Structure formats: structure tokens, C-alpha cells
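Examining the three-dimensional arrangement
Residue-level listing of the chains:
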Amino acid sequence: MSKFKKKKGGEIPAVNTASLPDIVFMLLFFFMVVTVLRDNNLLVQNTLPKADQLEKLKKDRSVYIYAGKPSSRYKDKYGTEGKIQIGDKFTDISNVKFALTEAREALRPELQDKVMVALKVDEETNTGLVTDIKQQLRDLNMLKIIYITAPGNPVNQ
Amino acid sequence: MARRATPEVNAGSMADIAFLLLIFFLVTTTIEKDKGIARQLPPDEEIEDPPIIKQKNLFIVSVNKDDQLLVEDELMKVGDLREAAIQFLDNGGAPNGSPEYCNYCKGARDPKSSDNPEKAVISVQNDRLTSYSMYITVQNELVAAYNFLRNRESQRLFGWKFTEVKQSIDEGSFNGNEDDAQEKLERIQKLFPLKLSEAEPKKSGQ
């Protein structure tokens, strides 16, 4: 009879969770490696147009320019006209040169003359705004640009 | 002194801490996937005497404010633009025997269209009110036309595709002689040089 009394009240033993931290750490390291810290707070709408003939952007030597309508949060304050954003704030077209020079100086010195301007422009923007930006870039002699797009086929939608 | 077994450290909260860190990284970081169409802008200087381009070597693409496409004075759908550009670039209209004769062109050899790919210039004209997505679509189709022809030639000469090799070199995953491949890429680029010119955009209504 004593044989059967050895079992304690029928409790289920606790599940061993010792490897759970390891799994989470693995996930953590994965995210640390493949992502970068978000450095810009987007103030404009930014749905990129689609294209399929793409080249990769060299991140270390690029300066970002965002353009588009102010996002819904900022609509009351800034209206609905297309706007340019460099860094964290809206920039006027006459101020683009100054803001870009500043952004260029933040890069590593050996890359400063190889700088590539990445244009992240919302697909609903008019081309006129982009042309204005490009004219400013030509004045500054920053001639390498890249239109950032989303992958996809633009024709058969 | 009798040795005592060290008591086990309670690591139950380690997972929670790791989760906190994980969630922090999930929220504050982004996965960068920036790709796009690269372009070189023309320098901002007046050209003294611009080279005269024959009308037949010029392929005019204009887009109006309603995103309608006019190619060589004819309305066209965006889907047909790529094929039209390929036909124009690949035409090789210069007569056999002349110094401008294009021996690798496979086009229609129409004397009214471009002499050879080196002479052929595609000119894009926009309206200021053209939508940006249309602008990118047009640019994309024209680049696609060049890529198609470059791929065809590199396939014929070297047995690989221009865009694939270029991409693998850019990403640093090319195995083989990189300098040699780079040289071959330049040769192909010389056969079909990218000559896209952009006119100043019109203001709507002019």
C-alpha cells in the first residue's frame, strides 16, 4: 500500500522555462543586428511610388530629403501643400541649401564629396517640388541623387 | 568545513528583462530597405555651344498635368513606353558601311529613327503638376529599356546578365574576378550609354 502513497497529491511539475531567456535573447540580437535606430521623425506623408529597376542605396554617404503633404497630425498647423523635410523639421525651399550643407557636414569627412542625396518623396506630390529641390542640388553641386522607391511593378497595378 | 552546494539562482525574471529589451528595440528601430533609381544631375553651368542633335536621334517623351503620356507626338499608354524606347534605341538606322553603323543593333534599321544607341537621346519633359508617381513610372520604364538592351548584349558577349552582375558587385557578393567584370560592365555601358535628358518642366497652362 505504501507504494501508492509516494505520489504527492497529483500535482503537475512546473515546466522548465530556463531556455526561454535564451530564445528571447536570440530574437533580441537578431533585431539589434538587422535594424538601425530611427533617426527621423516623419512629419510628412510618405507613401513611396513603385518601381522595379532598382539600385541599392549606400547608407553611409547619404543625406535624406523627405517631401510630401504634411501628415494628418500636422495638417492644421502647416496646411496641405507639399512640404520639404530635412532632418527633423520642415524646411523652406530657400533654406534647403543651408540644411543640406549642415547634413553633409555631419557625415564622415572622407565621404563628404561622394555624398548621395536620397529623395523620399510621396507619390502624390507634384513634380514641380522635386524639380525645385533638384535645382537647389545643382547649385550646391551635389549631383548624385537617388529616388527612393518601393519595389513593385508600376505599370500593371 | 563541509562544502555546501551553492543554491540555484532564480533566473525566472531574466526572460522578462530580455523581453523588455526586445520590445524596446522593436519600437525604436526600423529595418532599412531603401532602394531606388539612381541618377546623376547635370552640373549647373551654361554650355557654350550645345551639340546639335538631329531630330531623328531624339525621342521625346512628355507628360502633361493629367499624367497623360505623349511620345513622339502620339498619345501612348505607359505600358507601351518600354517597348517603344527599346525600338528607338536599338534601331541602328545608320546605313551599312558608314562610320556610325551599329553592328550589334537588332532593330528595324529605319532611316527615320535613331542612327545608333550612342547618338540616341531620350528627352523627358514634365509639367510641374505631373504626379510624382507618374514621373517615377516613366523614369523606371526608360531605365528598364536600357537595362533590357544591356542585358541582351552582355548575354551575347559574356553569357551573363548586366543587371545581375552589377547588383552582385554592388552588394559585395560577386565571386570571380571583380576588376575584369567591372571592365566588361563598362564595355556594355559604352554600347548603350544612358542618355536621358530632362527638360525644364513647363508650368501648367503654358
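Placed above this text is the structure.
Residues numbered from 1 in each chain as written. Chains lettered and ligands numbered in written order. Predicted model: local features only at pLDDT ≥ 70, side-chain atom pairs only at ≥ 80, totals over all residues. Heavy atoms only, no water.

**A word on the pairing of strand β7 (residues 116–121) of chain A**
All names here are of chain A. Among the 6 residues in β7, 6 count as buried, and that is most of the element. Residues M116, A118 and K120 point to one face of β7 and V117, L119 and V121 to the other, with burial holding for every one of them. Pairing of strand β4 (residues 62–68) with β7, which is carried by 6 bridges, proceeds in the parallel orientation. Bridging from a neighbouring strand, I65 pairs with L119 of β7. In terms of strand pairing, β7 meets strand β8 (residues 144–151) through 3 bridges, oriented parallel. What sits directly across from A118, in β8, is I146. (Buried < 20%, exposed > 50% of the residue type's maximum accessible area, 1.4 Å probe, protein only. Helix = DSSP H or I, 4+ residues; strand = E, 2+ residues; numbered from the N terminus. Pairing = 2+ DSSP bridges.)

**What about a nonpolar patch on the surface?**
Nonpolar side chains collect at one region of the surface, where F29, F30, M32, V33 and V34 of chain A together with I31 of chain B lie side by side and expose about 590 Å² of accessible area between them. With respect to the helices and strands, M32 of chain A occurs in helix α2 (residues 20–34). Judged by relative accessible area, M32 of chain A falls into the partly exposed class, the value being 37%. (Patch = residues over 30% accessible without salt bridge, like charges linked within 9 Å, V, L, I, M, F, W, Y side chains within 5 Å. Areas by Shrake-Rupley, 256 points an atom, 1.4 Å probe, with all protein chains shown as cover. Salt bridge = Lys/Arg side-chain N within 4 Å of Asp/Glu carboxyl O.)

**Looking at the nonpolar core**
I65, L100, L119, L137 and Y147 of chain A are the most contacted members of the largest nonpolar core, which totals 29 residues. Every element with two or more residues in this core is listed here: β4, β5 (83–86), α4 (96–105), β7, α5 (127–140) and β8 of chain A together with α3 (132–157) of chain B. Take this core: its biggest share by element is 5 residues, from α5 of chain A. Apart from residues lying up to four places away in sequence, I65 of chain A is in contact with I84, Q85, I86, L100, V117, A118, L119, K120 and I133 of chain A. Residues A85, C102, A145 and L191 of chain B belong to the second largest nonpolar core, which totals 25 residues. (Core = buried A, V, L, I, M, F, W, Y, C linked by side-chain atoms within 4.5 Å. Contact = heavy atoms within 4.5 Å.)

**Considerations on the environment of L111 of chain A**
Residues and elements named next belong to chain A. Residue placement: L111 occurs in the loop between α4 and β7. In the structure, L111 is positioned 49 residues away from S62 in sequence and 9.1 Å away in space, judged by C-alpha atoms. In contact with L111, not counting residues within four places along its chain, are D60 and R61.

**Observations concerning the pattern of salt bridges**
Think of it this way: side chains of opposite charge can pair up when their charged atoms draw near. All names here are of chain B. Considering all chains together, one arrives at 10 salt bridges over all chains under this definition. Here D90 and R152 are joined by a salt bridge, their closest N and O atoms 2.8 Å apart. Pair noted here: D90 is in the loop between α2 (78–89) and β6 (121–125) and R152 is in helix α3, with a separation of 62 residues, a long-range link. Across the salt bridge formed by K184 and D180, the nearest N and O atoms sit 3.4 Å from each other. Highlighted residues: K184 and D180, both in helix α5 (residues 178–191), separated by 4 residues, approximately one helical turn. Ionic contacts of the salt-bridge type, sharing partners, join the residues D90, R152, E153 and R156 into one network.

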